[in-house]
Amino acid sequence: MSVLPLVFTSGWASGINAYAVVLLLGVFGATGISDEVPASLQRTDVLVVAGVLFLCEAVADKIPYVDSLWDSVHTVIRPVAGAVVAALLAGQSGSLPELAAGAVGGSTALMSHLVKAGTRMAVNTSPEPFSNIAVSTAEDLGVAGIITFAIFHPLAAAVIAATLLVLGIVILAFLASRIRRFLRRRAQRREEKRLAGTGSHWPPG
């Protein structure tokens, strides 16, 4: 069970920024900082792809409404990435069945992703873009910090990740009204686009 704290923490972080998790773990393994990282995450092609996708997410995640669209696309990607990374970590140590590790990493990634996506919906009810940039930067730094901490102190990092997950769920409950407002605005914009498209097919009077 020694790998379980790292599996849980990597799952939580993958739900926020899966590409950063893969990139950081791969770098830590390739540079010899950690022996827990499987060779498959240290491959050059994996690191290059993760780096490029991380840069794409770093930009998209700071633009209002684009970040929510990005989150929608990654509703499947982040939990799957969390499950794959967790299974690889468990397979490396052999101390936890890969299937169970994948379930822990994937479910934790899904929960943290839903917290992230819901929080962004609430933030997007604010007209200015600075809050998006601040929240996104804090998330990036948080993921980098906790993954780095988990390499050296996995159990303490897992406790922090669990606390942040619970705190995020509580905050999400308080932001429920803002999230509903965001969803209403998005539905209204879609309806306006649909009506505009329908109206364009009418012949001029």
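Please refer to the structure higher up on the page.
Cut-off values and rules
- Residues numbered from 1 in each chain as written.
- Predicted model: local features only at pLDDT ≥ 70, side-chain atom pairs only at ≥ 80, totals over all residues.
- Heavy atoms only, no water.
- Helix = DSSP H or I, 4+ residues; strand = E, 2+ residues; numbered from the N terminus.
- Contact = heavy atoms within 4.5 Å.
- Patch = residues over 30% accessible without salt bridge, like charges linked within 9 Å, V, L, I, M, F, W, Y side chains within 5 Å.
- Areas by Shrake-Rupley, 256 points an atom, 1.4 Å probe, with all protein chains shown as cover.
- Salt bridge = Lys/Arg side-chain N within 4 Å of Asp/Glu carboxyl O.
- Buried < 20%, exposed > 50% of the residue type's maximum accessible area, 1.4 Å probe, protein only.
- Expected span 1.5 Å × (residues − 1).
- Axes fitted to C-alpha atoms, helices over the stretch in contact; angles between N-to-C directions.
- Left-handed = near helix turned anticlockwise from the far one by under 90°.
- Nonpolar A, V, L, I, M, F, W, Y, C, P; charged D, E, K, R; others polar.
- Polar contact = N/O pair within 3.5 Å; in protein donor to acceptor, adjacent residues only side chain to side chain.
- Core = buried A, V, L, I, M, F, W, Y, C linked by side-chain atoms within 4.5 Å.
- Lys, Arg positive; Asp, Glu negative; His and termini not counted.
- Charge placed at Lys NZ, Arg CZ, Asp CG, Glu CD.

Draft legend 1. Local environment of the side chain of E57. Note on placement: E57 falls in helix α2 (residues 44–60). With residues up to four places along the chain from it excluded, the contact list for E57 reads I16, N17, Y19, W70, H74 and R78.

Draft legend 2. Layout of the environment of D35. Within the secondary structure, D35 sits in the loop between α1 (4–30) and α2. In this structure the C-alpha to C-alpha distance between D35 and G82, which are 47 residues apart in sequence, comes to 19 Å.

Draft legend 3. The arrangement of a nonpolar patch on the surface in detail. Residues F149, I160, L164, L167 and I171 make up a contiguous nonpolar surface patch of about 390 Å² in total accessible area. As for its placement among the helices and strands, L167 is situated in helix α6 (residues 154–174).

Draft legend 4. Structural detail: unusual backbone geometry. In this structure, Y65 is a non-glycine residue whose phi angle is positive, near 70 degrees. Tracing the backbone shows Y65 in the loop between α2 and α3 (66–93). Its relative accessible area of 29% is what places Y65 among the partly exposed residues.

Draft legend 5. Spotlight on the pattern of salt bridges. Applying the stated criterion across every chain, the model contains 9 salt bridges. As a salt-bridge pair, K116 and D61 come within 3.0 Å of each other at their nearest N and O atoms. Linking K116 in helix α4 (residues 98–123) with D61 in the loop between α2 and α3, this pair joins segments that are 55 residues apart in sequence. Note on accessibility: K116 and D61 belong to one class, buried. For R78, the salt bridge goes to D71, with nearest N and O atoms at 2.8 Å.

Draft legend 6. Just helix α5 (residues 130–152), in detail. Over its 23 residues, α5 extends 34 Å from the first C-alpha to the last, a length consistent with the 33 Å expected when each residue adds 1.5 Å. Listed as buried for α5 are N132, S136, E139, D140, V143, I146, I147, A150 and I151.

Draft legend 7. Up close: the packing of α1 against α4. α4 packs onto α1 with a crossing angle of 35 degrees between their chain directions and a minimal axis gap of 7 Å. Here the hand of the crossing between α1 and α4 comes out right-handed. In contact with L4, V7, F8, G11, W12, S14, G15 and I16 of α1, α4 contributes A101, V104, G105, T108, A109, S112, H113 and K116. Its residues assigned to classes, the contact of α1 with α4 comprises 8 nonpolar, 7 polar and 1 charged.

Draft legend 8. Up close: the side chain of S34. For S34, the position within the fold is in the loop between α1 and α2. Of note is the side chain of S34, whose polar atom sits 3.1 Å from the backbone nitrogen of E36.

Draft legend 9. Here's a closer look at the packing of α4 against α6. Following both chains from N to C, one finds α4 and α6 inclined at 40 degrees, their axes separated by 10 Å at the closest point. Helix-helix and strand crossings are classified by hand; for α4 and α6 the assignment is left-handed. Each of M111, S112, L114, V115, G118 and T119 in α4 lies in contact with α6, whose residues at this interface are L165, G168, I169 and L172. Of the residues belonging to the contact of α4 with α6, the class tally is 6 nonpolar, 4 polar and no charged.

Draft legend 10. Structural view of the nonpolar core. Judged by nonpolar contacts, the single largest core of 30 residues is most densely connected at W12, A13, L25, V143, I146 and I147. Residue assignment for this core shows that the elements contributing at least two residues are α1, α3, α4, α5 and α6. A total of 11 residues in this core trace back to one element, the largest contributor, which is α1. The residues contacting A13, other than those within four sequence positions of it, are A18, V21, V143, I146 and I147.

Draft legend 11. Molecular detail of a positive patch on the surface. Side chains of R178, R180, R181, R184, R185, R189, R190 and K193 sit close together on the surface and give a patch of like positive charge. A residue is classified by how much of its surface remains accessible, and R178, at 36% relative accessible area, is partly exposed.

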